[in-house]
Amino acid sequence: MPASTQRHRPTARALDDHAHFEIVVAGNPWLRALWAVGGLALALAIALTVYSEYAFSVAPGIYDPSTYVVPRIAQMLALPLSIAGVVALTAAASLRIVAWRPSGARDAEE
């Protein structure tokens with residue numbers, strides 16, 4: 001083999017060292033926090049949406065705009081909370097998916 005091609009060919013050791021990058025999520029407290037924050041944000045968003053819909057549907061006998069302030073604030077907070085919850089849960093699930101490897105692959109490496 002010519003020397004020019006031999007120089008550019010990586011050795012087996014170099015391929016083994018840089019074959020893959022492993023993401024370890026087992027026991028990661030930040031991932032658990034991501035699941036918890038995402039779930040709580042989504043649950044709170046659903047609760048605020050239900051509350052605001054109920055508060056708007058039960059109209060008082062005399063029109064008083066101040067009775068709609070709290071339901072409107074709840075309605076305005078529900079959308080960003082639902083977006084944050086879905087993004088956090090999607091990120092946590094994506095990290096778990098990326099980090100997953102079959103047990104046979106782990107046994108073969110060890």
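Treat the numbers as computed from the prediction; the structure is a model and nothing was measured.

A short note on the environment of L42
Okay, step 1: Mapped onto the elements, L42 comes out in helix α3 (residues 29–57).
Okay, step 2: Given a relative accessible area of 24%, L42 falls into the partly exposed group.
Okay, step 3: A sequence separation of 43 residues divides L42 from G85, and the C-alpha atoms of the two residues are 4.6 Å apart.
Okay, step 4: In contact with L42, not counting residues within four places along its chain, are L81, S82, G85, V86 and L89.

Re helix α4 (residues 69–99)
Okay, step 1: Between the first and last C-alpha of α4 there are 45 Å, a value that for 31 residues agrees with the 45 Å anticipated at 1.5 Å per step.
Okay, step 2: Buried residues belonging to α4 abut α3.

Observations regarding the packing of α3 against α4
When two helices pack together, you describe them by how their axes are tilted relative to each other and by the distance separating the axes.
Okay, step 1: Running from amino to carboxyl end, α3 crosses α4 at an angle of 150 degrees, the nearest separation of the two axes being 7 Å. The angle between the axes of α3 and α4 places the two elements in the roughly antiparallel class. As for how α3 packs across α4, the hand of that crossing is left-handed.
Okay, step 2: Looking at the contact of α3 with α4, its residues break down into 24 nonpolar, seven polar and three charged.

About the criteria used
- Residues numbered from 1 in each chain as written.
- Predicted model: local features only at pLDDT ≥ 70, side-chain atom pairs only at ≥ 80, totals over all residues.
- Heavy atoms only, no water.
- Helix = DSSP H or I, 4+ residues; strand = E, 2+ residues; numbered from the N terminus.
- Buried < 20%, exposed > 50% of the residue type's maximum accessible area, 1.4 Å probe, protein only.
- Contact = heavy atoms within 4.5 Å.
- Expected span 1.5 Å × (residues − 1).
- Axes fitted to C-alpha atoms, helices over the stretch in contact; angles between N-to-C directions.
- Parallel < 35°, antiparallel > 145°, perpendicular 65-115°, else oblique.
- Left-handed = near helix turned anticlockwise from the far one by under 90°.
- Nonpolar A, V, L, I, M, F, W, Y, C, P; charged D, E, K, R; others polar.

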